[in-house]
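Listed here are the chains, written in short residue letters.
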Amino acid sequence: MSNGEKDKLGEKLHDVEAARENEWARKRDQELLEKMRHAKHDDEAARGHQPQPAICPECKQELVPNSDQRVGGMICPQRHGGWFGWDTVAKIMGDFAHTKK
Ligand SMILES: [Zn+2]
C-alpha cells in the first residue's frame, strides 16, 4: 500500500466519522426543537385556561359587558371607560367624522 492510498483511506474514515457526528447533531437539534415546541404549547394552553380579566385603570374594577348591543365591548361599571375591539372603535370614529362634516 503506497502512502497515497493510506491517506485516502484515512480521509474516508474521517468522512464517515464526520457524517456520524452530523447525524447526531441533527437528531439532538430536532429533539430540542420538539421540546421547545411542546413547552410553547403548554404555555399557550395554560394561558387559555386562565384568561386575564380586563381591569379599569382608574378604579381597578373588572370591566363588565356593555349592555348596548350596537356597540358591545367591555366597560367599567363606574363608567370610567371601556375596552372595544378595533373594528368597533374604527366604526365609531368613522361615524364621528361623518357627523362632524
Ligand atoms: Zn373604573
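For the structure itself, look to the data block above.
Each value, and the rule that gives it
- In every chain, residue numbers begin from 1 and rise along the written sequence.
- Where local features are concerned, this predicted model is filtered to residues with pLDDT of at least 70; where side-chain atom pairs are given and counted, the filter is 80 or more; whole-chain, interface and lining totals use all residues.
- By convention in this description, side-chain values take in all heavy atoms of the structure and omit both hydrogens and water.
- Donor selection uses N, O and S atoms within 2.8 Å of the metal (3.2 Å for Na, K and Ca). Since no water is included, sites may look incomplete.
- Any site counts as irregular unless it has four donors with all angles between 85 and 135 degrees, making it tetrahedral, or four or six donors with opposite ones more than 155 degrees apart and the rest between 65 and 115, making it square planar or octahedral.
- Relative accessibility decides the category of a residue: with a 1.4 Å probe and only protein chains considered, values under 20% of the type maximum give buried, values over 50% give exposed, and everything between is partly exposed.
- Only DSSP runs of H or I with at least four residues qualify as helices, and only runs of E with at least two residues qualify as strands; both kinds are numbered from the N terminus onward.

Chemist: Is there a simple way to think about the coordination of the zinc ion in this case?
Modeler: Six octahedral donors around a metal ideally sit at 90 or 180 degrees from one another, while four tetrahedral donors ideally sit at 109.5 degrees. Coordination sphere of the zinc ion, protein contribution only: Cys56 (SG), Cys59 (SG), Cys76 (SG) and His80 (ND1), at 2.0 to 2.3 Å. Geometry at the zinc ion is tetrahedral, judged from the four donor atoms that bind it and their angles of 105 to 116° at the metal. Coordination of the zinc ion draws on donor residues from a single chain, spaced C-x2-C-x16-C-x3-H in sequence. On the basis of relative accessible area, cysteine 56 is assigned to the buried category, the value being 3%. Given a relative accessible area of 25%, cysteine 59 falls into the partly exposed group.

Chemist: What is the right way to read unusual backbone geometry from this model?
Modeler: Note: most residues except glycine have negative phi, and most peptide bonds are trans. In this structure, lysine 60 is a non-glycine residue whose phi angle is positive, near 60°. Positive phi, normally seen in glycine, also occurs at arginine 79, with a value near 65°. Tracing the chain through its elements places arginine 79 in the loop between strand E2 (74-75) and strand E3 (82-83). Judged by its relative accessible area of 60%, arginine 79 falls in the exposed class.

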